[in-house]
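# Commentary on secondary and tertiary structure
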Amino acid sequence: MIKSVGVSLSSNGRVYQFDPNHLELKKGDFVVVETARGIQFGTIVGNIKQTEEKNVVLPLKKILRYAMKEDIQQHEKNVKEEKKALQDAKRISAALNLPMHFIDASFTLDRTQLLLNYVAEERIDFRELAKKLAQIYRTRIELHQIGVRDKAKLVGGLGPCGRFLCCNSFLTNFDSVSINMAKNQYLSLNPTKINGVCGRLLCCLNYEDDVYRELRKGMPDLGSMMPTEEGLGKVVSVDLFHRTYQVELKNKTILEVKVDS
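What you see is a predicted model, and the numbers here were worked out from it, not measured in a lab.

### Points about the pairing of strand 12 (residues 244-248)
Sheet topology note: the strand 11 (residues 231-239)/strand 12 ladder contains five bridges and is antiparallel. Note that in strand 12 the partner of Ser237 across the bridge is Gln246. Turn length for the strand 11-strand 12 hairpin, with the two strands adjacent in sequence and antiparallel, is four residues, and the turn residue Arg243 shows positive phi of about 55 degrees. As paired strands, strand 12 and strand 13 (residues 254-258) are joined by five bridges and run antiparallel to one another. Of the residues in strand 13, the one forming a bridge with Thr244 is Lys258. Hairpin connection of strand 12 to strand 13: five residues between the antiparallel strands, including Lys252 at a positive phi of 75 degrees.

Here is the structure:
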């Protein structure tokens, strides 16, 4: 077991685990951390906890220090200039006829790097764009092509349930979601019903999959042929919670069958 603490490096970004470095940290504290990108400003999102080594990527990077007044002021300045950098990237890419849709921009705290995330249908030769941005901001430019799920997480929106997107509000990582999860819940496989606003399978299909897989034990598949007291019938509906299913006989009669628990 090792000590770790969650840190968010942006307002709606994923949470990374850091070594608290003997600091007495609590949720909401501003800190300065060192990442693969460089020195960054972060916010503590939870209390220090004991974590199994297998659940984190070792070695954990250490939190450098509490954010000082100067760090907070620099971060606020960076946030303002990030908006300008985003507009500059859109303007220059349009002038260069580059089919890129920019999502966000972010400076490292020490301004040694400017990262811009974008979505594109294909690979883009952005060398001229990076050169022009470097001339404006006098720092190293990194452009990162992201997927549609990452875009949804950054941009946000409302899901088909009417609530804010899970990925944008509380999910910190994308878990694998498969079509079998929809089948386990006997959902219609119509993409408009089981896909999220990002066009990928709904993340929430994963939430109760363990329960549905347990409930499905001993239950037939939709469309399968099952024997009954009145002959062979086709399964037309399944009720996992009541442990029943309905079959349609050759004479079009619907018969309900109870499955022993």
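### Points about the confidence of the model for the protein chain
Detailed reading of the predicted coordinates is not advisable wherever pLDDT is low. Of all residues in the protein chain, 98% attain a pLDDT of 70 or more, and the chain-wide mean is 91. Highest mean pLDDT in the protein chain belongs to helix 2 (residues 127-137) (97); lowest belongs to helix 3 (residues 148-155) (83).

### A look at the sheet that holds strand 9 (residues 140-145)
Taken together, three strands build an open sheet; the order of strands is 7-8-9 and the sheet is mixed. Each edge of the open sheet is held by one strand with a lone partner, namely strand 7 (101-107) and strand 9. The sheet shows a mean angle of 20 degrees between the axes of neighbouring strands, taken without regard to direction. As defined by bridge partners, strand 7 adjoins strand 8 (residues 113-119) across six bridges and the pair is classed as antiparallel. Across the sheet, the residue bridging to Ala105 is Leu116, located in strand 8.

### Some points on the pattern of salt bridges
A full pass over the atoms with the stated rule returns twelve salt bridges. The salt bridge involving Asp71 is made with Arg65; its shortest N-O contact spans 2.9 Å. One salt-bridge network, in which partners are shared between bridges, spans Lys84, Asp88 and Arg91.

### Notes on the environment of Ser224
On the secondary structure map, Ser224 appears in the loop between helix 7 (209-215) and strand 10 (225-228). Placed eleven residues apart in sequence, Ser224 and Val235 show a C-alpha to C-alpha distance of 5.5 Å. In contact with Ser224, not counting residues within four places along its chain, are Gly233, Lys234 and Val235. Within the structure, Ser224 has its side chain in polar contact with the backbone oxygen of Asp221 (distance 2.6 Å).

### Description of the sheet that holds strand 12
If you trace the four strands from one edge of the open sheet to the other, you get 10-11-12-13, paired in antiparallel fashion. Strand pairing shows two members of the sheet lacking a second neighbour, strand 10 and strand 13, which therefore form its edges. Across the sheet, the mean angle from the axis of one strand to that of its neighbour is 45 degrees, orientation sign disregarded.

### Re the packing of aromatic side chains
Under the defined criterion, the tally for this structure stands at five aromatic pairs. For the pair Phe30 and Phe41, a centre-to-centre distance of 5.3 Å together with 40 degrees between the ring planes defines the contact as tilted. You can see Phe30 sitting in strand 3 (residues 30-35) and its partner Phe41 sitting in strand 4 (residues 38-44), a full eleven residues away along the chain. For Phe30, a relative accessible area of 37% translates into the label partly exposed. Ring centres of Tyr118 and Phe126 lie 6.2 Å apart, and the angle between their planes is 75 degrees; this geometry places the pair in the edge-to-face category. Given a relative accessible area of 2%, Tyr118 falls into the buried group. Classification of Phe126 by relative accessible area gives partly exposed; the value is 24%. Here the aromatic cluster, defined as three or more aromatic residues joined through ring pairs, consists of Phe102, Tyr118 and Phe126.

Scoring rules and cut-offs
Residues numbered from 1 in each chain as written. Predicted model: local features only at pLDDT ≥ 70, side-chain atom pairs only at ≥ 80, totals over all residues. Heavy atoms only, no water. Pairing = 2+ DSSP bridges. Helix = DSSP H or I, 4+ residues; strand = E, 2+ residues; numbered from the N terminus. pLDDT = per-residue confidence, 0-100. Axes fitted to C-alpha atoms, helices over the stretch in contact; angles between N-to-C directions. Salt bridge = Lys/Arg side-chain N within 4 Å of Asp/Glu carboxyl O. Contact = heavy atoms within 4.5 Å. Polar contact = N/O pair within 3.5 Å; in protein donor to acceptor, adjacent residues only side chain to side chain. Phe/Tyr/Trp six-rings, centres within 6.5 Å; stacked < 30°, edge-to-face > 60°. Buried < 20%, exposed > 50% of the residue type's maximum accessible area, 1.4 Å probe, protein only.

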